[in-house]
Amino acid sequence: VIIACPGSLRSKWKQELHHRGDLEVEVVDSGRRLLRIVERLEEGEPRIVIVSHGILQRSANLEQLMDTLPEVMLTIIDEAHHCRNPRNRLHDAAQLLTMRSRQSVLMTATPVNLREEELWVQLSLLAPDRWPTIDQFFRTMRPTRMLNDVLDGISRPIPNLPRAIDHFRALQHTVGFAGDPRLEEAIRLVENEDAWSEERIEFTRRKMANLVRRLRPLNDLLVRTRRRDLDWHMARRRAITLDITLTEEEWRLYEAARAWARTLIQMRHPEGEVFDWALIVPERMASSCLPAFAGHVVRQLHSQAREVLDIVDDDDGGDINLEEVEIRMLRRLGNLNELVDAAEALGETDSKYDAFRTWISESLEDDSEGGILLFSHFHATLQHLQRRLTADGISCEVITGRTRMLDRDLIRERFRNGEFDVLLSSEVGSEGLDQQHCHRLVNYDLPWNPMRIEQRIGRLDRFGQTAEEIQILNLAVEGTIDAAILHRLYHRIRLFEDALGMLDPLLGEAMKM
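Residues numbered from 1 in each chain as written. Predicted model: local features only at pLDDT ≥ 70, side-chain atom pairs only at ≥ 80, totals over all residues. Heavy atoms only, no water.

Trainee: What is the right way to look at the overall build of the chain in this model?
Mentor: Helix and strand counts for the chain come out as 20 helices and 12 strands. The buried share of the chain, reckoned over its 513 residues, is 49%. Taking all contacts inside the chain whose residues are at least 6 apart in sequence as the whole, residues at least 24 apart take part in 72%. Summed over all atoms, the accessible surface of the chain reaches about 26200 Å², with 49% contributed by carbon and sulfur. (Helix = DSSP H or I, 4+ residues; strand = E, 2+ residues; numbered from the N terminus. Buried < 20%, exposed > 50% of the residue type's maximum accessible area, 1.4 Å probe, protein only. Contact = heavy atoms within 4.5 Å. Areas by Shrake-Rupley, 256 points an atom, 1.4 Å probe, with all protein chains shown as cover.)

In structure tokens form, the structure reads like this:
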């Protein structure tokens, strides 16, 4: 058995296999060791190998694996959404492993990011000849969308039965569904008024949902297991989004950041033919945390000016101070005076943190158990929050990609033991790690992809969670790029639900602060 997973999850896989199945495994820590182990697979040892995505996708390792990898019984690819780009080497590695395996399993909670083609790419690793073209896959997905829409409709407090009938009638004339006895049974159930009476409605909902799920065309390849489908204690999710209103000083800095982002885009793409999402990072940093962004602006300008000063060739030996070099830079990069002035004038004003502090103080006062897990994209935001929370007497620790792996495990263990109140984490903490002792999560800034939010919540909403309710707090700044992010999140949630069915709450209702 070969298990491919992100590097940070290798030890977790090893622990789980030992704890749950008393299985001994060999963990690969280098490309050279992987190739040595592959040579021994023919002899039946080791029985289980765990290798990271990073080691697998190195081109030198891939080339040698193509020549030496024997047929294996089973390949498991964890966090398989990393293979959704057919042009990257990890996809090539996954293709090689699945071709050399008698059985293959891809595991992911987030198979769809931007478009349905990503699901096609992943499923094609399992069934490469099933949909030779994307158009053929889309023809399969049309009935899937109808069936998922039926599931959505019947789950509402007042079931949308006319919509279900319309979809079922259309499917009666669709190749692969016409004459299916399960479809005929579903139609009879929808048309049976007595079945939807107040006394029988819950039983009928479950029966209808089971029928619809059995009709879905991808059932032989794809199994979607939601927590609510299992016989577990299941916490309710309560999600809210706080809309933050900025002060005049904060708006001045945010508008300057927006103008800077536009200037960068125009400089990189003067014809305007390409929109570069990477260049709106200044605007996203500003919406995440204005004080952290202000400090970043001032530091960056001074740092870059010093670099220029180091290489200034001054034949006259005259004095050249930092201010003169900064002025030269401003002339080259455009007028950044307003950005710098607004950054320096902001001071300690921070409406977003004030709203968050009100919520967190009340939350910890009401319930001091379990702690709070907070996510942000930006290191500067996490550092700012650590400083402010510590000053307010709230104990916290930070985990980012810069934190050593051993230190990450120690910090998480201390968080589980209740030694501090808030764990501040970058995206490095959102994948495959267990924090089910905690029942409160904060998205201090929002990612573009709802599956990122689902992954974050999945750290808490998992087997072993004993709380009755998981609280999810999303913070968004009114009138900023957060509005565009929220719009895109709602769009992508709909995309996922069309392809794979309903999601549990992620964003919730909006509240103004």
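Having seen the model, we can carry on.
Trainee: How do you make sense of the sheet that holds strand S2 (residues 26–27) when you look at a structure like this?
Mentor: Consider a sheet: its strands pair through backbone hydrogen bonds, and that pairing is either parallel or antiparallel. Spatial strand order, S2-S3-S1-S4-S5: 5 strands in an open sheet with parallel pairing. Two strands in the sheet have a free side with no partner beyond their single neighbour: S2 and strand S5 (101–107). In this structure, strand S1 (residues 2–5) lies alongside strand S4 (residues 72–78), joined through 3 bridges in parallel fashion. Bridge assignment links Ile-2 to a residue of S4, and that residue is Thr-75. (Pairing = 2+ DSSP bridges.)

Trainee: Before we go on, may I ask you to explain empty space enclosed by the protein in this structure?
Mentor: Empty space among the atoms can be located by rolling a probe the size of a water molecule over them. Scanning all chains against the criterion turns up 7 cavities of 30 Å³ or more. Its volume calculated, the largest cavity comes out at about 60 Å³. If you trace the largest cavity, you find it lined by Leu-246, Glu-250, Tyr-254, Ala-286, Ser-287, Ser-288, Cys-289, Leu-290, Asp-350, Ser-351, Lys-352 and Val-477. Mapped onto the lining of the largest cavity, the elements with two or more residues apiece are helix H11 (248–268), helix H12 (281–288) and helix H16 (351–366). Residue contributions to the lining of the largest cavity peak at 3 residues, all from H12. Partitioned by chemical class, the residues of the lining of the largest cavity number 6 nonpolar, 3 polar and 3 charged. (1 Å grid on protein atoms, 1.4 Å probe; cavity = no way out; pocket = protein on both sides within 12 Å on 5 of 7 lines; lining within 4 Å. Points joined across faces, edges and corners; volume = space filled by probe spheres on them. Nonpolar A, V, L, I, M, F, W, Y, C, P; charged D, E, K, R; others polar.)

Trainee: How should the packing of helix H7 (residues 134–154) against helix H8 (residues 161–171) be read in this particular structure?
Mentor: The axes of two packed helices give the description: the angle between them and the distance between them. Between H7 and H8, whose axes approach to 9 Å, the crossing angle comes to 155°. Taken together, the axes of H7 and H8 lie roughly antiparallel to each other. Of the two elements, H7 crosses H8, and the hand of that crossing is left-handed. Packed against H7, whose contacting residues are Pro-143, Met-146, Leu-147, Asp-149, Val-150, Asp-152 and Gly-153, the element H8 presents Arg-163, Ala-164, His-167, Phe-168, Ala-170 and Leu-171 at the interface. Split into classes, the residues belonging to the contact of H7 with H8 amount to 8 nonpolar, 2 polar and 3 charged. (Axes fitted to C-alpha atoms, helices over the stretch in contact; angles between N-to-C directions. Parallel < 35°, antiparallel > 145°, perpendicular 65-115°, else oblique. Left-handed = near helix turned anticlockwise from the far one by under 90°.)

Trainee: Sorry if this is basic, but what is going on with the side chain of Ser-288 here?
Mentor: Position of Ser-288 relative to the elements: it lies in helix H12. Given the relative accessible area of 0%, Ser-288 is considered buried. A distance of 2.6 Å separates polar atoms of two side chains, one belonging to Ser-288 and the other to Asp-445. (Polar contact = N/O pair within 3.5 Å; in protein donor to acceptor, adjacent residues only side chain to side chain.)

Trainee: Sorry if this is basic, but what is going on with the pattern of salt bridges here?
Mentor: Charged atoms that come close allow side chains of opposite charge to pair. Here the structure, examined in full by the defined rule, presents 24 salt bridges. Across the salt bridge formed by Glu-419 and Arg-414, the nearest N and O atoms sit 3.1 Å from each other. For Arg-414, a relative accessible area of 29% gives the class partly exposed. Overlapping salt bridges bring together Glu-26, Asp-29, Arg-33 and Arg-40 as one network. (Salt bridge = Lys/Arg side-chain N within 4 Å of Asp/Glu carboxyl O.)

Trainee: Help me understand the side chain of Glu-427, please; the structure alone is not making it clear to me.
Mentor: The residue Glu-427 is located in the loop between strand S9 (422–425) and strand S10 (440–443) in this model. Excluding residues that lie within four positions of it along the chain, Glu-427 makes contacts with Ser-376, His-377, Arg-452 and Arg-456.

Trainee: Explain the environment of Glu-117 to me, please; I cannot follow it from the model alone.
Mentor: Tracing the sequence through the fold places Glu-117 in helix H6 (residues 117–126). When its relative accessible area of 29% is taken as the criterion, Glu-117 is described as partly exposed. Look past the residues within four positions of Glu-117 in its chain and what remains in contact with it is Ile-134 and Phe-138.

Trainee: How do you make sense of the packing of aromatic side chains when you look at a structure like this?
Mentor: The geometry of an aromatic ring pair is captured by the separation of the ring centres together with the interplanar angle, meaning the angle of the planes. Per the stated rule, a full pass over the model turns up 6 aromatic pairs. A ring pair is formed by Trp-131 and Phe-137, whose centres lie 5.1 Å apart and whose planes are at 85°; its orientation type is edge-to-face. Plain terms: the ring middles of Phe-415 and Phe-420 are 5.4 Å apart, the flat faces sit at 20° to each other, and that makes the pair stacked. Just as Phe-415 is buried, Phe-420 falls in that class too. (Phe/Tyr/Trp six-rings, centres within 6.5 Å; stacked < 30°, edge-to-face > 60°.)

Trainee: Please explain the pairing of S1 as it appears in this structure.
Mentor: Burial along S1 is two-sided: the face carrying Ile-2 and Ala-4 and the face carrying Ile-3 and Cys-5 are both buried. Sheet topology note: the S1/strand S3 (residues 49–52) ladder contains 4 bridges and is parallel. Of the residues in S3, the one forming a bridge with Cys-5 is Ser-52.

Remember, this is a structural readout, not a statement about activity or role.
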